[in-house]
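# Residue-level structural notes
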Amino acid sequence: MSVGAPRGLASSGQKPITDIIHPLCAADEPLSPGPQVTVSTGRDKDNGMTNGTPVETSSPASASSLLNRLQLDDDLDGDASSETRDLFVTVDDPKKHVSTMETYITYRISTKTTRIEFDLPDYSVRRRYQDFDWLRIKLEDSQPTHLIPPLPEKFVMKGVVDRFSEEFVETRMKALDKFLKRVADHPVLSFNPHLNAFLTAKDLNKRQGLALLTKVGESVKYVAGGYKLRARPAEYTAMGEYLDSFSGKLGTMDRITQRILKEQSEYLTELREYGSVYSSWAAVEDELQRPLEGVASSVSTCCRAMEELSENTSQDFLPVLREYVLYIESMKNVMRKRDQCQAEYEGRLEAAVVRRQEERTPIPADVEKCQDKVECFNADLKADWERWQRNKRQDFKQLLTGMADKNISYYEKCQSAWESLITVLQEKQTEDKSILRQEEPFYQAPPVRY
Amino acid sequence: MMSADSGSCDDPLLSSEAENNLRNTMVEKVASLLKKLEMNVSEAEKRTGKNSVNMQETYTAYLIETRPADSGPDGGTPVPDMLWRRYSEFELLRTYLLVTYPFIIIPPLPEKRAEFVWHKLSADNLDPDFVERRRVGLENFLLRVASHPLLSNDNIFFLFLTDEKGWRDTVMETGFQDKVDSRLKSLSASFRVKNPDKRFTALKQSCDELHTVLSQLLRVRVRVADRLYGVYKVHGNYGRVFSEWSAIEKEMGDGLQSAGHHMDTYAASIDDILEEEEHYADQLKEYLYYTEAVRSVCRKHELLQYELEMVAQDLAYKKQQREELATGTVRVFSLKGMTTKLFGQESQEQREQRLSTLEQAIGECEELLKEKNQESQDFIQAAWKDIERFKEQKDRDLREALISYAIMQISMCKKGIQVWSNAKECFNKM
């Protein structure tokens, strides 16, 4: 956060957001009071399900194992911020709830912290997707100058994807975990009282949030009203271009990956049949029966390895690509808001300049305020951009290295299957050779050399 | 067990060792032509010439090199003899062997046209890769014939290797074509043997099974190869997108760019892998075609059995006639019975004469039956010996082929691991 933020703004992140009047918050409209907070202890098993009851009973993860996992995450991130990190959140343990009205999934959110804003060092609550959605809207609303990480897509095509399938829930849980970690690692967002409420409150009172949503929608509409930017700084144009181009690359990678999955699944179909032909060949041979069965079993080992590889691609690789597409959208959204902010300032300034020429009045205070807003926005955006770039680099390094690892492990499994087959084939052959020596030898086709 | 260090998979150490062992035993014990003469098909050449009906045609000629295995009397390295043969001459040689040695499983020739090939390989007869694989196949055929205890001593075969110009006429002069049993083709479906030899029936059946399973295997293998090709080639697109993406990145750029190169390498590596695998397919194909040679021996045996049964049937009929004539009884209603009734009894003299003719015919028939029996016995004995030999050869060859296939797969895996490890290193630098 080296960018000089005016007025000692929130960027430092040390003061709770409620103490600061953000330039973008209309002065006469104080920040909406946080949802009603009732603290629940981490050991409260039946934590605040308003409707529906958990199908299974949960046992809270032991604190030490949670901490271990969190520390492992730190190592992976390898970020400078990890040294000073004092808020750890994890999303896990999805549970299906069935009530008369609806069926839904909740996830356990475990928090560990040393921050004084929290009354207890650790919390454990259960939240459903809607609650995450509420949090995100709240964050977007109260921190309009910041990049809010994306949530996984809300709408799922019914019938195409089973919302309650294990894979879907697992993938969504990972994405929600990522979302919450990104928020918790953010120097400003992590101090947002809505996050605090989300992590600690027994019941989330979401009505206010929904009311605010409509208000935000209106204000966005108002600002969008046809200003044209006079001079948008070149760096933002470059950022926009980068985002467009990066999003294009991600789209291409997504398509390639899906194509590979398709090819792999067709390959798998053929390979399975290939293996079964060896089995049926083994059935009609005497001497060759065991070698051929060996080949069939090696082939089926390769099939399993390939299944694993494909599964990993579709459950771990593709979701990350898609998250980044959404992340880019979030970033573009912030940039649009910045442009609107600048446009508003330029519009007012222009009007003021005209008025001054006519009436010789000084530039009114509200125009200056507007200018401050733009500067704040720029500072926040730049800081978020830097952070986003760092995260992106880290995430993709991890993602691609992981892809390489999975492929290496696939080949290693296949290799060991074939190597063990050779051992079998050769043992048998040495036996045979000793018998054969006494019989009439014959010409053998030379093995083909490569 | 393969050693884990690099490169060992490229050298089929295991199989070459096994091969040497076999070669040694072979040289010691087989009194075949190979002992005296080394041979190989060293080269293939595209030629244009005129055929029998004076039409311009393009064909491939193969260079056969032979040299005495022992050094000559002067102790120096013997000079190889060289001559050119085309595929149709190999075919002629094989047809000759087939007719002359009906009880031997004659080694098959490599395919005339490319069969069971995956889509990227050309099916063109003059395609260099195809010609090369056929060269290997033809050499294999020669070596198989030359190492066969019986076939290797055939004079026509020897002349095939040594007499480029006169060979064709010599083959024709043997008149082998007259001996071609047309019934083998035309009758095979229509005649039924009453007492088939169970061993041959079983052999024929297992041969059919092998044929079915091998052709199925070869077909599926092609599809597997096609799909694997797809999987690798689509990875090549990562290469492109990484390289484009690297252009808009700062710190990550270099790592991405070089990782992209590795993806290109990965995509390209499949060509060599599948080309290697084609040799394995060729080894299987040889045995697919071998099944036809085994069936031909079975058919020949069936035909002999059929002839034997016909003679036996004829003899039985004649004996029945003789009995009727001798006792004067007609068991069944017959034309003869009718004529007897219509025209009266034949004279004693006539009967005696007919009886003696019949006796003579029966004698000849018995002689023929004995002959046929002997012929059949001889055939079965010779054929079974060769069948046993073939079975062992088959089991050994196919096991060898499976080993080399497994080695190929290992080599492919090692390549894959190598490429992805390189790519990983690049990703790590990002």
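Since the structure is predicted, the reported quantities are computational estimates derived from the model, not experimental observations. (Residues numbered from 1 in each chain as written. Chains lettered and ligands numbered in written order. Predicted model: local features only at pLDDT ≥ 70, side-chain atom pairs only at ≥ 80, totals over all residues.)

This next bit is on the overall build of chain B. Check the secondary structure of chain B and you find 12 helices and three strands. When the 430 residues of chain B are sorted by exposure, 31% land in the buried category. (Helix = DSSP H or I, 4+ residues; strand = E, 2+ residues; numbered from the N terminus. Buried ≥ 20, exposed ≤ 12 C-beta atoms within 10 Å, placed from the backbone.)

When you go through chain A residue by residue, the secondary structure sums to eight helices and four strands. Of the regular secondary structure in chain A, the N- to C-terminal order runs β-α-β-β-β-α-α-α-α-α-α-α. Expressed as a percentage of the 450 residues in chain A, the buried residues total 31%. Taking contacts inside chain A between residues at least 6 apart in sequence as the whole, the part at least 24 apart equals 76%. (Contact = placed C-beta atoms within 7 Å.)

With that settled, the discussion passes to helix α2 (residues 129–142) of chain A. Residues and elements named next belong to chain A. In this model, α2 (14 residues) spans 20 Å end to end at C-alpha, consistent with the 20 Å of a helix rising 1.5 Å per residue. Every buried residue of α2 is listed here: D131, F132, W134, L135, K138, L139 and S142. Across the axial projection of α2, the buried residues extend over an arc of 155 degrees, all falling on one side. (Expected span 1.5 Å × (residues − 1). Arc of directions from axis to C-beta.)

To continue, consider the domain arrangement of chain A. All names here are of chain A. In terms of domain boundaries, chain A breaks down into domain 1 (31–224) and domain 2 (234–427). Residue-level contacts link 18 residues of domain 1 with 21 residues of domain 2. When residues of the side of domain 1 that touches domain 2 are traced back to their parent elements, those giving at least two are α1 (63–77), α3 (166–185) and α5 (207–224). Of the residues in the side of domain 1 that touches domain 2, the class split is nine nonpolar, three polar and six charged. (Domains from an automatic or database assignment. Nonpolar A, V, L, I, M, F, W, Y, C, P; charged D, E, K, R; others polar.)

Take the environment of V231 of chain B next. Mapped onto the elements of the fold, V231 of chain B is located in helix α9 (residues 198–246). It is 9.3 Å that separates the C-alpha atoms of V231 of chain B and I270 of chain B, two residues lying 39 residues apart in sequence.

This part covers the sheet that holds strand β1 (residues 37–50) of chain B. Residues and elements named next belong to chain B. With antiparallel pairing, the three strands of this open sheet are ordered in space as β1-β2-β3. The open sheet has two edge strands with one neighbour each: β1 and β3 (81–86). Sheet twist, expressed as the mean angle between neighbouring strand axes with direction ignored, is 25 degrees. In this structure, strand β2 (residues 56–68) lies alongside β3, joined through six bridges in antiparallel fashion. When the bridges of β3 are listed, A61 appears paired with R86. Of the strands in this sheet, β2 and β3 touch helix α3 (residues 87–100), which is tilted by about 90 degrees from β3. In the packing of helix α4 (residues 128–146) onto the sheet, the strands contacted are β1 and β2, and the crossing angle to β1 comes to about 135 degrees. (Pairing = 2+ DSSP bridges. Axes fitted to C-alpha atoms, helices over the stretch in contact; angles between N-to-C directions.)

Our focus in this paragraph is helix α7 (residues 289–359) of chain A. Because each turn of an α-helix spans 3.6 residues, side chains separated by three or four positions end up pointing in the same direction. The terminal C-alpha atoms of α7 of chain A lie 103 Å apart, and with 71 residues this matches the ideal 105 Å at 1.5 Å per residue to within 8%. Once α7 of chain A finishes, R360 of chain A follows within two positions and takes phi at roughly 55 degrees, a positive value.

Further remarks concern the nonpolar core. C414 and W418 of chain A together with L228, L402, A406 and A423 of chain B are the most contacted members of the largest nonpolar core, which has 117 residues in total. For this core, the element with the most residues is helix α8 (residues 365–436) of chain A, which contributes 19 residues. Not counting the four nearest positions on each side in its chain, L402 of chain B is found in contact with P291, V295 and L425 of chain A. Counting 33 residues, the second largest nonpolar core, distinct from the first, contains V41, F90, L93 and L143 of chain B. (Core = buried A, V, L, I, M, F, W, Y, C linked by C-beta atoms within 7 Å.)

Residue and element names in this part refer to chain A. At a minimum axis separation of 8 Å, helix α6 (residues 234–283) and α7 run at an interaxial angle of 165 degrees. Put simply, α6 runs roughly antiparallel to α7. Between α6 and α7 the crossing geometry is left-handed. Classifying every residue of the contact of α6 with α7 gives 28 nonpolar, 12 polar and seven charged. (Parallel < 35°, antiparallel > 145°, perpendicular 65-115°, else oblique. Left-handed = near helix turned anticlockwise from the far one by under 90°.)

Here we take up the domain arrangement of chain B. All names here are of chain B. For chain B, the assigned domains read domain 1 (29–180) and domain 2 (203–329 + 351–430). A C-alpha centroid distance of 21 Å is found between domain 1 and domain 2. Split into classes, the residues belonging to the side of domain 1 that touches domain 2 amount to 10 nonpolar, two polar and three charged.

It is worth spelling out the pairing of strand β4 (residues 122–128) of chain A at this point. Residues and elements named next belong to chain A. A large share of β4 lies buried, amounting to six of its seven residues. Of the pairings in the sheet, the one linking strand β3 (residues 103–113) to β4 comprises seven bridges and is antiparallel in character. Its bridge partner being in β4, S110 is matched across the sheet by S124.

Residue and element names in this part refer to chain A. With respect to the element layout, S298 can be found in helix α7. The sequence separation of S298 and L87 amounts to 211 residues, and the corresponding C-alpha distance is 49 Å. Filtering out sequence-adjacent residues up to four positions away, S298 remains in contact with A417, W418 and L421.

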